[in-house]
Amino acid sequence: MSGRIRDEDIALVRERTSIAEVISDTVTLKSAGAGNLKGLCPFHDEKSPSFNVSPGRNVWYCFGCGAGGDAIKFLMDAEHLSFVEAVERLAARAGLQLSYVADDRSAPRASRPQQGQRQRLVAAHAAAVEFYTAQLTTAGARTAREFLAERGFDRAAAERYGCGFAPEGWDPLTRHLRQLGFSHDELVTAGLSRPARSGSLIDRFRRRLLWPIRDLTGDVIGFGARKLFADDDGPKYLNTPETPIYKKSHVLYGIDQAKREIAKQGRVVVVEGYTDVMACHLAGVPTAVATCGTAFGGDHIGVLRRLLLDTDAVAGEIIFTFDGDAAGQKAALRAFEDDQRFVGRTFIAVSPDSMDPCELRLAKGDLAVRDLVARREPLVDFALRHVISRYDLDTVDGRVEAMRRAAPLVAKLKDQEKRPEYVRKLAGDLGMEIEPVQRAVLAAASGRPDDRPTRPSRGEPSVDSPQSMVEREALKLALQEPVLAGPMFDAVEANDYRHPVHVVVRAAIAEAGGAAAATGGAVWIESVRDACPDLAAQALVGELAVEPLRIDGEPDPRYVSITMARLQWGSVTARIRELKSRIQRINPVNNKDEYFATFGELLSLEQHARALREQAAGGL
Ligand SMILES: [Zn+2]
């Protein structure tokens, strides 16, 4: 193909294209009255739909970010296509043959940008699918067929998902595609072939079972490849590398088959592997998708939210299935950290006997798979159970610590109306009164980490407040100078820290064995980092491990002592104020015991405060 597309053809493509259909491939649209449609804008992050499509005028426009145009512009923006690629894509869709004219206005051919690169890469993949599926029926592919059969997939299932086999040999696919006219560069760019050390081109996938991975519109853009033979020393799964058309952070296996049902049911089931997607679909859970060789992340959420039309008014449901092992549980809790907007609508389905959906279908049938999804549990319930299970609830310390860890999860609930319900549930699970649990949740919600009564909330303490600075300094000492600072650091409790992320890092240090037991160095930093439950805390550990201490010269015990005293000062004085106010409210005649207990606590705290003041001033 040379030159540019004839203007008449471009006009014809515009005329024959249904803009609503094109956009519906990636964005779920609903009626906005007067024949117009609306959905969540793919070009900016929003919760209520301001992305409008007018099929009558063949245009779209976003009132949120100002983007807009026709179907060609949409494909260019949404799929990062060139103008020519977008027109070619729409022409193929409408069944139109394009003609090209020599373009005198443009630069010489060699320096023009590649035309229709996406089209070529998609065509190469389509040819590769044909090649690989034909290979699956050959004698050499017996192990691949057995692999599928052993997992309950018959020939029809293999065909529906386009399963294929990459044969023995260095370059059978490469030679085949070269014969079809694909260039060396195209095959490398597509990720189908790679240069060997000798310089000649060889196949990326060899002796493996293959699943074609499709985008939302059904185009094959890559492959997932499962190892079959013991003497294959590659990883269990190999995927297409990042290419101009394959972005693993966006790709969801099965999305092309699942998208209509996802939009219709307002629900998506996220599973872990290709066979799990197949098993779910075949078992009557048509909304299943899987990530391909990467963790479920923010970009995946973006893709799904637009399909789910996930707004404040319409709640889409996202269900993660896990086979109950530790890795799965960790992934579930990470999902909790990832996107708070999703928390209230996120569910976990943990299969019995640690089986994945594919194994479950095989062992117990289709009904068991549907049942797994039906028995989903809100992510919050799952996370609470997981956190609580780490503590010994038979001891007071265990119950209190479990409450402190669990309270922030309840406080994070987006749907605040659900909080009282979870406070009651948590109190029941812990065997505690409702009142302290409620206080702990309120404290966590207002950015304070402990169960002391709250003053009017002013949000999180700012990072450069004196309290935050001294907290940072204490954590730096524990990370950088554990031998020096460890014992004094460990003696100060987590509830003396105010800033939420500092509380998390303080807890991670305790979980890593405490600073007093550490000998320092990279191993110590790494073990603290591993104990952090979220990325923000991990990043902070990295930062604090190298940030210079705020002292000229070497830190000494006196400096540690001053730092720890200043750290506690804020919470001790706040507690003293609170106790004084409570004593005024207690009627000593009716509540003699409470009065004296509170009074006793106040006296000892004031003594503690005096000691701290001396310590902070520099005396040991
Ligand atoms: Zn927008």
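Residues numbered from 1 in each chain as written. Predicted model: local features only at pLDDT ≥ 70, side-chain atom pairs only at ≥ 80, totals over all residues.

As annotated in an unreviewed UniProt entry, the protein carries the name DNA primase and is attributed to Micromonospora radicis. In the Subunit (unreviewed entry) part of its UniProt record, the protein is described as follows: "Monomer. Interacts with DnaB." Under the Sequence similarities (unreviewed entry) heading, UniProt states for the protein: "Belongs to the DnaG primase family." (UniProt positions renumbered as here; feature names shortened; annotations may be inferred.)

## Quick word on the overall build of the protein
Looking only at helices and strands, one finds 27 helices and 19 strands in the protein. Across the 620 residues of the protein, 38% fall into the buried class. Excluding contacts between residues fewer than 6 apart, the proportion of contacts in the protein whose partners are at least 24 apart in sequence is 64%. (Helix = DSSP H or I, 4+ residues; strand = E, 2+ residues; numbered from the N terminus. Buried ≥ 20, exposed ≤ 12 C-beta atoms within 10 Å, placed from the backbone. Contact = placed C-beta atoms within 7 Å.)

## A word on the sheet that holds strand S5 (residues 59-62)
With antiparallel pairing, the five strands of this open sheet are ordered in space as S2-S3-S4-S5-S6. A single partner strand is all that each edge strand has here, and the edge strands are strand S2 (30-31) and strand S6 (68-69). Strand direction decides the pairing type here: S5 and S6, joined by two bridges, are antiparallel. Residue Tyr61 lies in a different strand from S6, and its bridge partner there is Gly68. (Pairing = 2+ DSSP bridges.)

## Concerning the environment of Glu359
In this fold, Glu359 is placed in helix H15 (residues 357-364). Distance in space between the C-alpha atoms of Glu359 and Val369 is 9.5 Å, their sequence separation being 10 residues.

## So, the environment of Glu543
Assignment of secondary structure puts Glu543 in helix H25 (residues 535-544). Spatially, the C-alpha atoms of Glu543 and Lys476 are 9.1 Å apart, while their sequence positions differ by 67 residues.

## Description of the nonpolar core
Within the largest apolar cluster, 122 residues are counted, with the highest numbers of intra-cluster contacts made by Leu210, Val270 and Val289. Counting residues in each nonpolar core, the second largest holds 33 residues, with Ala485, Ala507, Tyr559 and Ala565 among its members. (Core = buried A, V, L, I, M, F, W, Y, C linked by C-beta atoms within 7 Å.)

## Here's the deal with the packing of helix H1 (residues 7-16) against helix H4 (residues 83-94)
It is the contact of H1 with H4, at a shortest axis distance of 9 Å, that shows an interaxial angle of 60°. Here H1 is positioned oblique relative to H4, judged by the angle of their axes. Here the hand of the crossing between H1 and H4 comes out left-handed. Of H4, the residues touching H1 (which contributes Ile10, Val13 and Arg16) are Val87, Leu90, Ala91 and Ala94. (Axes fitted to C-alpha atoms, helices over the stretch in contact; angles between N-to-C directions. Parallel < 35°, antiparallel > 145°, perpendicular 65-115°, else oblique. Left-handed = near helix turned anticlockwise from the far one by under 90°.)

## Digging into the UniProt feature "zinc finger region: CHC2-type" (unreviewed entry) in the protein
The residues that UniProt annotates with the feature "zinc finger region: CHC2-type" (unreviewed entry) are residues 41-65. Within the segment residues 41-65, helix and strand shares are 0% and 32% respectively, and the terminal C-alpha atoms sit 9 Å apart.

## Some points on the sheet that holds strand S16 (residues 288-291)
Taken in spatial order, the six strands make up an open sheet running S14-S16-S15-S17-S18-S19, and their pairing is mixed. Pairing within the sheet leaves two strands with one partner each, and these edge strands are strand S14 (252-253) and strand S19 (377-378). Pairing geometry for strand S17 (residues 317-322) and strand S18 (residues 346-350), over five bridges, is parallel. Its bridge partner lying in S18, Phe322 is registered against Val350. In this fold helix H11 (residues 274-283) packs onto S14, strand S15 (267-271) and S16, with an angle of close to 175° to the strand it touches most, S16.

## With respect to the packing of helix H5 (residues 117-135) against helix H8 (residues 172-179)
Angle between the axes and distance between the axes are the two parameters that describe a pair of packed helices. Closest axis-to-axis distance for the H5/H8 pair is 10 Å, and the angle between their directions is 125°. Our classification of the angle between H5 and H8 gives oblique. Between H5 and H8 lies a crossing whose hand is right-handed. In contact with Ala124, Ala127, Ala128 and Phe131 of H5, H8 contributes Leu173, His176 and Leu177.

## Some thoughts on unusual backbone geometry
Look at Asn58: it is not a glycine, yet its phi comes out positive at around 60°. If you trace the backbone, Asn58 turns up in the loop between strand S4 (51-54) and S5. Within the chain, Arg207 stands out as a residue other than glycine whose phi angle is a positive 55°. Along the polypeptide, Arg207 turns up in the loop between strand S10 (201-203) and strand S11 (208-214).

## With respect to the confidence of the model for the protein
Summary statistics for the protein give a mean pLDDT of 84 and a share of 89% for residues scoring 70 or more. Within the protein, no element has a lower average pLDDT than helix H14 (residues 340-343), which sits at 54, and none a higher one than strand S8 (residues 164-166), at 98. Every residue in residues 106-114 scores below 50 in pLDDT, and together they form four contacts with partners more than four places removed in sequence or on other chains. Confidence drops under a pLDDT of 50 for residues 450-460, and excluding neighbours within four residues, the segment shows 22 contacts in the predicted structure. (pLDDT = per-residue confidence, 0-100.)

## A short note on helix H10 (residues 255-265)
Note: α-helices contain 3.6 residues per turn, so residues at a spacing of three or four share the same orientation. Among the residues making up H10, those that are buried are Ile255, Ala258, Lys259, Ile262 and Ala263. Viewed along the axis of H10, the buried residues span an arc of 135°, placing them on a single side of the element. Along its buried surface, H10 packs onto S14, S15, S16 and helix H12 (298-308). Downstream of H10 by one or two residues, Gly266 has phi in the positive range, about 65°. (Arc of directions from axis to C-beta.)

## Brief notes about the environment of Leu75
With respect to the secondary-structure elements, Leu75 resides in helix H3 (residues 71-79). Overall, the presence of 28 C-beta atoms within 10 Å leaves Leu75 in the buried class. Taking C-alpha positions, Leu75 is 5.8 Å from Ala86, a pair spaced 11 residues apart along the chain. Filtering out sequence-adjacent residues up to four positions away, Leu75 remains in contact with Val22, Leu81, Ala86, Arg89 and Leu90.

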